[in-house]
Each structure stands twice: as structure tokens, then as C-alpha cells.
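# Coordinates in review
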Amino acid sequence: MKKQFKLGLIGCGFMAQSILKGVVLSDFLHEKKIIVSDISEENLDKVEYLGVRTAVHNKFVAENSEYLLIAVKPQNIEDVVKSFEGVLPEKVISVMAGVKKNTIKNMLGSGTIKVARCMPNLPCSIGSGTIGIDMSDFNSNTDDTEFISNIFNCLGTVLSVDESKMDAVTGISGSGPAYVFMFIDGLIDAGVKNGLTRDEAKILAVQTLIGASEMVESVEQSVSELIKGVCSKGGTTIEAVKVLEENNFRGIISGAVDACIKRSKELSMK
């Protein structure tokens, strides 16, 4: 039986709002084909301008949507499943950190449900995100994989990965914006310490990061070769790089990512 809505969202928090904004404003999906539910009327009010249908009952969304996107906190998934009151969605898309596909299937009580697991990040809110997706349950149907991919193409760059790599995706891109923000903030503070205004330091730090990132993406040299290219013998950059190396800069980054991945694995075991 054909469903009333193409896409239904359970939860209307920050990430769900970003997804709705992306798919509607990009004209990928007509707003009348989308429905979202949330226990918070305040959250639903925030997407009213998009013209999507809103609901307070998860069961209605689950039984009337072809694709059901679950965007709630991992600790709330059991309550969400109970609220379906026995309704079994056929196609599920999850953006819940640390919740495995099999966990979702077991909670719903059916191994035949197809689940795509996704890890978006904060820049999705401005259309510049990075999203890791495991769509292996849908590989037999290109219409499904194209639809799911296109939802997240509206938010940034999509990388198809096996679920076994999702914890690593979480450690690099899912949580990665926080590391980058800290680096930028450190550069700004250093600039202010050395006589720049905060606005001047912010412009220099942000644009340097953007330019360096674009070089990594567009040129043929490896990142190591690019580093060497900036470090002229006896120059200024090499002195800064020495300090970073002496203080185990790479090791600090690796340790931070490892700690994030460890926590992601712990969440997936619950």
C-alpha cells in the first residue's frame, strides 16, 4: 500500500531541523511529502515555515511514511519504539550515534526491516557537512540507495562506508568539528596575544584554514609534501612546526580521536 508521505521524521531537534531545511529548500522533496513528529511543540514550531506536516503521535508518522528517519537521542530509542504501538516501518534511516542497525531491528522485533545508519556532523546545518552512511541493507534497490543518498547530498558530502567503520567516522567527522573549532580558537587567541584584534585574528585563522583545506583537496601533493613546502629551511614556519612536533601534536589529535571512538563503541554496546 502506498504511503501518504515519502519521508517521516521522528524527532525534530537540531539535526532533524537541518535535514528538513536541506531537503525542502533544495527542492529535492516537496514539503507536502514530509511529516515530522516531536514531543516538543516548540521544536515543531521551528519548522513550520518549511510547510512540512507536523504531528505529535509517532505511530501516525511510522505507519504513514515510506522512509522513516529516526533522529532522537540514543537513550530515547526504547520509548520511541514503544510509541509505535506495534507498527513496523519497512525502511528506517537512523542518525543516532552509537546505535547499531541490528539493535534497531531487535527493538522493533523484526529482522526483515531495512535500516540505513548515518553519521552526519554539525556543518550539515549550513549545507557543508560530511555524512558517513551504511546503506548495505538497501543495495538490492537503487531507488532506495539514491533516495537516501540524495537526502544527505542536500546537507554536504556523502561517504558510503560499512557499518564496522562507523565508530571511526564518528571520531573523525562526526565529532571532528569540535577539534577544528578548538584549533581555530587557539589561533585567534594567539593572534590577540600578539597584537591583532579578535576580528582580525578570526579572519586570518578562518581563511587560512579554508585555503589550506582546499589545497589538500585540489592539489596532487600529499599532506606531508604540502607541509614541507611551507617549511623553508631557516624560515619562520619550521620553527612553529618544531614546537608542534616537540609537544606531540599528532599524538594529541590521535588520542582525542581514540577517546571519541572508544566512547562510540561503548554506546553501541548498550
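All values derive from a computational prediction rather than experimental measurement.

All right, on to the pattern of salt bridges then. In total, this model carries twelve salt bridges according to the counting rule given. Among the ionic pairs, Arg198 bridges to Asp189, the shortest N-O distance being 3.0 Å. Residue Arg198 is classed as partly exposed on the basis of its relative accessible area of 44%. A salt bridge links Glu266 to Arg263; the nearest nitrogen and oxygen atoms lie 3.2 Å apart. Of this pair, Glu266 and Arg263 both sit in helix H12 (residues 249-268), separated by three residues, roughly a single helical turn. The exposure class assigned to Arg263 is partly exposed, which follows from its relative accessible area of 39%.

Bringing the environment of Lys73 into the picture now. For Lys73, the location among the structural elements is in the loop between strand S4 (65-70) and helix H4 (77-83). Residue classification places Lys73 among the exposed positions, given a relative accessible area of 54%. The sequence separation of Lys73 and Gly11 amounts to 62 residues, and the corresponding C-alpha distance is 8.8 Å.

This paragraph deals with the pairing of strand S5 (residues 91-94). Of the two faces of S5, both are covered, the one formed by Lys91 and Ile93 as well as the one formed by Val92 and Ser94. As judged from the three bridges shared by S4 and S5, these two strands associate in the parallel manner. When the bridges of S5 are listed, Ile70 appears paired with Ser94. Remark: the S4/H4/S5 crossover connection has right-handed handedness. In terms of strand pairing, S5 meets strand S6 (residues 114-119) through four bridges, oriented parallel. Paired with Ile93 across the strands is Ala116, a residue of S6. In terms of handedness, the path from S5 via helix H5 (residues 101-108) over to S6 forms a crossover that is right-handed.

What counts, and where the lines are drawn
Residues numbered from 1 in each chain as written. Predicted model: local features only at pLDDT ≥ 70, side-chain atom pairs only at ≥ 80, totals over all residues. Heavy atoms only, no water. Salt bridge = Lys/Arg side-chain N within 4 Å of Asp/Glu carboxyl O. Buried < 20%, exposed > 50% of the residue type's maximum accessible area, 1.4 Å probe, protein only. Helix = DSSP H or I, 4+ residues; strand = E, 2+ residues; numbered from the N terminus. Pairing = 2+ DSSP bridges. Right-handed = clockwise from strand over helix to strand, strands pointing away.

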